[in-house]
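This is what each chain is made of:
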Amino acid sequence: MEREHRRHYRVAMRQIEETPKEGMYVTRAEAMRYAAFSGVVTAVLFFLLLFRNKRS
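Residues numbered from 1 in each chain as written. Predicted model: local features only at pLDDT ≥ 70, side-chain atom pairs only at ≥ 80, totals over all residues. Heavy atoms only, no water.

(A) Geometry of the overall build of the chain. Helix and strand counts for the chain come out as one helix and zero strands. Across the 56 residues that make up the chain, the buried fraction comes to 0%. By element, 59% of the accessible surface of the chain is carried by carbon and sulfur atoms, the whole surface being about 6,900 Å². (Helix = DSSP H or I, 4+ residues; strand = E, 2+ residues; numbered from the N terminus. Buried < 20%, exposed > 50% of the residue type's maximum accessible area, 1.4 Å probe, protein only. Areas by Shrake-Rupley, 256 points an atom, 1.4 Å probe, with all protein chains shown as cover.)

(B) View of the packing of aromatic side chains. Taken as a whole, this structure holds one aromatic pair when the rule is applied. On the numbers, 5.8 Å between centres and 65° between planes, the contact of Phe-46 with Phe-47 is edge-to-face. (Phe/Tyr/Trp six-rings, centres within 6.5 Å; stacked < 30°, edge-to-face > 60°.)

(C) Examining a nonpolar patch on the surface more closely. On the surface, Phe-37, Val-40, Val-41, Val-44, Leu-45 and Leu-48 cluster together to form a nonpolar patch covering roughly 580 Å² of accessible area. Mapped onto the elements, Leu-45 comes out in helix H1 (residues 28-55). (Patch = residues over 30% accessible without salt bridge, like charges linked within 9 Å, V, L, I, M, F, W, Y side chains within 5 Å. Salt bridge = Lys/Arg side-chain N within 4 Å of Asp/Glu carboxyl O.)

Structural data, given as structure tokens:
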């Protein structure tokens, strides 16, 4: 007589959602726009710093 084999399964305690509801989502186009804007602001501040030191 063959022994009975039992299979063990893991059961989730609660349903996990595929995507989180909270958080900030940025599309690739928006990220590129933000990167360009921050690059321009950084360049302007850098040039202002250079010209301020040369005038003194």
